[in-house]
Every structure is written in C-alpha cells, then in structure tokens.
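Chain residues, written in single-letter form:
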Amino acid sequence: MAKAMPAIKEWQVNRMHGRDFLDFNDITSDELHYLLSLAETIKRKQKQGEVYQPLLRKTLGMIFTKASTRTRVSFEVGMYQLGGHALFLSGNDIQIGRGEPIADTAKVLSRYVDGIMIRTFAHEDVEQLAVHADIPVINGLTDLHHPCQVMADILTIKEQKGDLQGLTVAYVGDGNNMAHSWIQAAPKLGLNMRVATPKGYECDPAVVEQAKQWAAEYGTELLLTNDPVEAVQGADVIYTDVWASMGQEAEQAERVKLFADYQVNEQLCAHAKPDYIFMHCLPAHRGEEVTADIIDGLHSVVFDEAENRLHVQKAVLVAVMA
Ligand code: CP
Ligand code: NVA
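Residues numbered from 1 in each chain as written. Chains lettered and ligands numbered in written order. Predicted model: local features only at pLDDT ≥ 70, side-chain atom pairs only at ≥ 80, totals over all residues. Heavy atoms only, no water.

Caption draft 1: How the structure looks around the packing of helix 4 (residues 102–112) against helix 5 (residues 123–132). Remark: helix 4 packs on helix 5, axes separated minimally by 8 Å, with the N-to-C direction vectors making an angle of 45°. Judged by the angle between their axes, helix 4 and helix 5 are oblique. Helix 5 is crossed by helix 4, and the crossing has right-handed handedness. Of the residues in helix 5, those touching helix 4 at Ile102, Ala103, Ala106 and Lys107 are Asp125, Gln128, Leu129 and His132. (Axes fitted to C-alpha atoms, helices over the stretch in contact; angles between N-to-C directions. Helix = DSSP H or I, 4+ residues; strand = E, 2+ residues; numbered from the N terminus. Parallel < 35°, antiparallel > 145°, perpendicular 65-115°, else oblique. Left-handed = near helix turned anticlockwise from the far one by under 90°. Contact = heavy atoms within 4.5 Å.)

Next comes the structure, spelled out in structure tokens:
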C-alpha cells in the first residue's frame, strides 16, 4: 500500500520559484489555490510552534516610498520566522530618492539580496524594477494594485466561510488599488464580485476590461455600479477602504463630501446576508468609510485580515524565493 504523502512534500513543490508577484495578471487560478494552501500550512506550523526555515540566510530588501504598519512589520517578521532577514530601505534614505534610476537600483540590489519587496506610487516603477532585477520582486502596494492584501483577505474569507466558490464580495467606496486587486483575483477563485463607487471614482478601465474577461471565463459575476445597495444586496462579504489613499491627501476633504452615501453602516449592511462578514484592509477612518459599530462589531474580521498578511506573505516568499 502506498504510504501517505508526508506533509513536508507540500513545501518542496516550488512551483513559483524565481517569479515576481506584482499583481494577479499572470497568476493562474491553480497558483492562487497553491499559495492559499501553502499559507494555511505555514500558519498551522507557526501556531504549533514548529520551526520552519526554508529561507535560512536569505535577505529581502524592502523599499518603501509610502508609509506602512502592516506591510513593513509582517514582511520583516515573516522573513525572520522563515530563517532569513529583511532590510528596511526608506525611499528617503536610499539613492532612488535622489534620482538613481530604477534599473540601476534593481541591478545593484540583485547583487546583495535574494528578493525585493517594494511599496511605492507608480505601478510602472515596480514593473521596471522587476524587468531589471535578477531576483523576485513582490508588490507591497502601488497606486494600482495591492495583491498581498487581497491574498490575506481571501485566506480570511476561506477561514470564515469554509469555501470560496460562489460567494459574493461587495466592495463599496473608491475604485482604487484594493478594488483593482479584488476584481482581478475574484474570478480566478470562483468569487462573485460587486463594486459600488461614486461617479467619477470608478475602477481603471483597463483593469476592468481584463477582469470582465476573466469573470466570463470563470463564470463569475462582475457587477460595477454606482449604487451601494445594489452591490451589497445578499452579499457574503462587505469590503471597504479609505476614501483618500496615500498620495491623495489633498483631496481628503472633497472626497469626504462626495463619498458620504458610500459609508458602510448598519443601514447598508442590513441588505447583506445575515451572516455577512465586514472587511477592511486598514488603516481605517471610523466615521468616514465605515462606522465604528460596524468595524468594531460582531461581523468584523479586520484583525484576522491583518494577521493573515503575515501567513500569506510567508507563503509568497517561500514560493518565489526558497
Ligand atoms: N493594509 C496595509 O497594507 O497596511 P499598511 O499600510 O499599514 O502596510
Ligand atoms: N487604498 C489604500 C490602501 C492602504 C493599505 C492606500 O493606497 O492608501
């Protein structure tokens, strides 16, 4: 009789070695399921106190030209737990902030470190970094995408609901990086996706076009609307994000007025399924995009999402760097 496959085998299947993790564009449905399963195993091992160090003596360079709490801490702690080391490289302190070309930065860092995580403004800058680096590049948020956050969110939904297939996620608010990563990933995991944004703050048309094609291919719903009630009707998940993202601080006051009807509050949540979960990538502005009673209430899983950043990112790091 064949022996049961030892659990460790899962760790040795390194299907994404050397790859970049920039957005969900070139990640297949199978790879997403693989990363989620790896994340579940890594989380279980961590909770059981098992030492697992596939990245022993490996170093991750972490470039930040925007602020961060979760991304910085979870990547640094994740690298440590995997046996490696993370370097915090502030955009203000490295030469990139004084105009050193991205291509040169990519080539230099490739001689020192084993992977780069970058949080910055233009998505094209991250793509350029990836083109010129000989090592994997991971997107820790750009103006266009935030794939690590959506991976953590999806793991959280799986934990809460058991299965992803056929669930409906309603995103209410700005058509921003979070919304983009959500509409890219959802079809590949069998999730129906609804996005309600104010007029003029819809998602990027190119990202939408691509997401529509995947929704058709995978047979999932993709609804884009300006009506938050239509989006939330019968939803399993209600998701929101800040109304003014990093870099849009000057628009904050204007957006607070324009987005007022898109607040996630008790009245809006009453349209969702009775067992809906509330999600937010954080940081949150209570009293703006979400009321305190919702984000701090019984349906909220926001701190599970934050924790799961650690576990899914460890899976991504192992997949591309081990
Ligand atoms: N959600 C998220 O990316 O948080 P930080 O901005 O704190 O990294
Ligand atoms: N849309 C937000 C997400 C923060 C994690 C921003 O870009 O600021």
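Caption draft 2: Layout of helix 2 (residues 29–47). Here helix 2 contains 19 residues, and its C-alpha end-to-end distance of 27 Å stays within 8% of the 27 Å for a straight helix at 1.5 Å per residue. Among all positions in helix 2, only Ser29, Glu31, Leu32, Tyr34, Leu35, Leu36, Leu38, Ala39, Thr41, Ile42, Lys43 and Lys45 are buried. Immediately beyond the C-terminal end of helix 2, within one or two residues, lies Gly49, with a positive phi of roughly 80°. (Expected span 1.5 Å × (residues − 1). Buried < 20%, exposed > 50% of the residue type's maximum accessible area, 1.4 Å probe, protein only.)

Caption draft 3: Fine view of the nonpolar core. Grouped together as the largest cluster of nonpolar side chains are 61 residues, with contacts concentrated most on Phe21, Ile138, Ile154, Ile157, Trp182, Leu191 and Leu317. Broken down by element, this core gets its largest block of residues, eight residues, from helix 13 (residues 302–321). Other than its neighbours up to four places away in sequence, Phe21 contacts Ile27, Leu35, Val137, Ile138, Asn139, Pro147, Cys148, Met151 and Val316. Counting 19 residues, the second-largest nonpolar core is a separate cluster that includes Ala170, Val172, Phe278 and Val302. (Core = buried A, V, L, I, M, F, W, Y, C linked by side-chain atoms within 4.5 Å.)

Caption draft 4: Layout of the layout of surface pockets. Looking at the largest pocket, its volume works out to about 380 Å³. If you trace the largest pocket, you find 24 residues lining it, with Leu141, Val242, Met246, Leu282 and Pro283 closest to the centre. Among the secondary structure elements, those contributing two or more residues to the lining of the largest pocket are helix 3 (70–81) and helix 7 (177–185). Here the lining of the largest pocket is built from residues that sort into nine nonpolar, nine polar and six charged. (1 Å grid on protein atoms, 1.4 Å probe; cavity = no way out; pocket = protein on both sides within 12 Å on 5 of 7 lines; lining within 4 Å. Points joined across faces, edges and corners; volume = space filled by probe spheres on them. Nonpolar A, V, L, I, M, F, W, Y, C, P; charged D, E, K, R; others polar.)

Caption draft 5: Structural view of the site of ligand 2. Lining the immediate environment of ligand 2, one finds Leu141, His146, Asn176, Asn177, Asp241, Val242, Ser245, Met246 and Leu282. For ligand 2, a nitrogen atom lies 2.8 Å from a polar atom in the side chain of Asn177. Relative to its unbound accessible area of 270 Å², ligand 2 is 94% covered by the protein chains. With respect to the pocket detection grid, ligand 2 is positioned in the largest pocket. By residue class, the composition of the shell around ligand 2 is four nonpolar, four polar and one charged. (Near = heavy atom within 4 Å. Polar contact = N/O pair within 3.5 Å; in protein donor to acceptor, adjacent residues only side chain to side chain. Areas by Shrake-Rupley, 256 points an atom, 1.4 Å probe, with all protein chains shown as cover. Sits in = over half its atoms within 2 Å of the grid points.)

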